[in-house]
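This is what each chain is made of:
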Amino acid sequence: MMYAAIMGYGTIGSGVAEILLGNRERIARCAGQEIGLKYVLDLRDFPDSPVADRIVHDFHVIEEDEQVKLVVETMGGLNPAYPFVKACLEAGKHVVTSNKALVAAHGTELLQIARDRGVNFFFEASVGGGIPIIRTLYRCLMGEGIQEITGILNGTTNFILTKMDREGASFGEVLREAQELGYAEQNPEADVEGHDTCRKIAILTAMVTGKEVNYEDIHTEGITRITDMDFRYAKKLEASVKLLGSSRIVGDKVYARVAPVMIGREHPLYSVCGVYNGILVKSDMLGTSMYYGSGAGKLPTASAVVADLIEAAQNEGSNVSIGWGEGRQEIADNETNESRYFVRISGDAEEKSGQVQRAFGQVRTLVMEGADEFAVLTEGMREAEFKERAIALDSEWQKAGGEGIRQIIRAELEG
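Read on for a plain summary of the structure. Please read all numbers here as calculations on a predicted model, not as lab measurements.

Some points on helix α8 (residues 171–181)
All buried positions along α8 are accounted for by Phe 171, Val 174, Leu 175, Ala 178 and Gln 179. When α8 is viewed along its axis, its buried side chains cluster within an angular range of 145° and face the same direction. Contacts from the buried residues of α8 go to α7 (155–167) and α9 (189–192). Following α8 by one or two positions, Gly 182 adopts a phi angle in the positive range, close to 85°.

What about the layout of surface pockets?
Of the pockets and cavities examined, the largest pocket occupies roughly 1,300 Å³. When residues of the lining of the largest pocket are traced back to their parent elements, those giving at least two are α1 (11–22), α5 (100–117), α7, α9, α10 (195–209) and β11 (276–283). Broken down by element, the lining of the largest pocket gets its largest block of residues, 4 residues, from α10. When grouped by side-chain class, the residues that make up the lining of the largest pocket number 17 nonpolar, 24 polar and 8 charged.

Overview of the packing of α1 against helix α12 (residues 298–314)
Running from amino to carboxyl end, α1 crosses α12 at an angle of 60°, the nearest separation of the two axes being 8 Å. Between α1 and α12, the angle falls in the class oblique. Seen from above, α1 lies across α12 with right-handed handedness. The residues of α12 that touch α1, namely those facing Thr 11, Ile 12, Ser 14, Gly 15, Val 16, Glu 18, Ile 19 and Leu 20, are Lys 298, Leu 299, Thr 301, Ala 302, Ser 303, Val 305, Val 306 and Leu 309.

With respect to empty space enclosed by the protein
Taken as a whole and assessed by the stated rule, the structure comprises 1 cavity of 30 Å³ or more. If you trace the largest cavity, you find it lined by Leu 111, Arg 115, Asn 120, Phe 121, Phe 122, Asn 319, Val 320 and Ile 322. The set of elements that each furnish at least two residues to the lining of the largest cavity consists of α5 and β6 (121–122). A per-class count over the lining of the largest cavity returns 5 nonpolar, 2 polar and 1 charged.

Things to note about the nonpolar core
Core analysis: the biggest nonpolar cluster contains 117 residues, and Val 16, Phe 121, Phe 123, Ile 160 and Met 262 have the highest contact counts within it. Setting aside anything within four residues of it in sequence, one finds Met 262 in contact with Asp 230, Ala 234, Leu 237, Ala 239, Ser 240, Val 241, Phe 342, Ile 409, Arg 410, Ala 411, Glu 412 and Leu 413. The next biggest cluster of nonpolar side chains, apart from the first, holds 16 residues, and it includes Ile 345, Val 363, Val 376 and Met 381.

Details of the environment of Ile 12
Relative to the assigned elements, Ile 12 resides in helix α1. Between the C-alpha atoms of Ile 12 and Met 1, which are 11 residues apart in sequence, the distance is 23 Å. Every residue in contact with Ile 12, bar those within four places of it in the chain, is listed here: Thr 74, Ser 98, Gly 297, Lys 298, Thr 301, Ala 302 and Val 305.

Conventions we followed
- Residues numbered from 1 in each chain as written.
- Predicted model: local features only at pLDDT ≥ 70, side-chain atom pairs only at ≥ 80, totals over all residues.
- Heavy atoms only, no water.
- Buried < 20%, exposed > 50% of the residue type's maximum accessible area, 1.4 Å probe, protein only.
- Helix = DSSP H or I, 4+ residues; strand = E, 2+ residues; numbered from the N terminus.
- Arc of directions from axis to C-beta.
- Contact = heavy atoms within 4.5 Å.
- 1 Å grid on protein atoms, 1.4 Å probe; cavity = no way out; pocket = protein on both sides within 12 Å on 5 of 7 lines; lining within 4 Å.
- Points joined across faces, edges and corners; volume = space filled by probe spheres on them.
- Nonpolar A, V, L, I, M, F, W, Y, C, P; charged D, E, K, R; others polar.
- Axes fitted to C-alpha atoms, helices over the stretch in contact; angles between N-to-C directions.
- Parallel < 35°, antiparallel > 145°, perpendicular 65-115°, else oblique.
- Left-handed = near helix turned anticlockwise from the far one by under 90°.
- Core = buried A, V, L, I, M, F, W, Y, C linked by side-chain atoms within 4.5 Å.

Take a look at the structure:
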């Protein structure tokens, strides 16, 4: 038997305990031995829970118990998660985490400590909740050259955008509903500003390149400026707006970005709605593959954690080669990214058509009946070029005393 400890008895930690206790025999068959839950670390007591007799409040109990070879970290954040995880690895214990902030900030160091100690640091649940994307990259696609990873990686923002699309509601209205349903935190900044998605695409990019990726190097935009009017235009284009984390590998260059993108019905991620996540992978031999499922939630995420525990138990005395090394992956300047652009402009389409075409070249024009504006869809161009043209055009209108560009959204649309 291998003994395990769980650090943090919140939503995910309690789910891990539930699976370990409820599926004990199945887990033992897969792991080759029984995994026994010995401790649960938390500041609180849970007298009516199934783990009441396993609760401890002192981390050192886990750190110093030589019987405990498996440790689950589901506390979240960096403090005390980082020092606790580091200490467990240094003590020769395998560690499994669902904490994307920890992996994004300290993954390089923790992976190296695991290698040096001959143990494992696994983090399947840190990206995509229950979707097995990390293991897919280092097991199933190990012979592939990955060319692109693009995903809807945050259930909160996808829920908000889906409701705005289907119901014509405003961002603020849907955010309040998401908070009431428990899909969004009272301080939703990490989700709606794109930071959560950014950390996840940084982890996936590091997995693919084998080098450390600093999430702060990735251009990141959130969804707070998306409006119901954007979705009205999107319907005319048979499209929707999704928050995408994307990483394209071209030779030794990596183009990564997090931003709202208008995508059409032909796009594989178009139908990923509500709190679900979807991850698109393009590789040189397999081509395009897609991974879809619950990106968060108690049992889906806990399922991914338990799968990592089983793999750690299967490799009790050895380190599994995953992750990345200490080399740093440079992220190309966002100004070099290329895209089409959806642009909403105040005023009359006929009056401004000449100026718009001189600025952007050939465009597709969309008119919304009864609105004091119109929209255009440009051809593809580099970010720097588009910005230069848009700024010049907007400045021209403002000097004339008028309003100019109201909204800009990148677009991946055919035709």
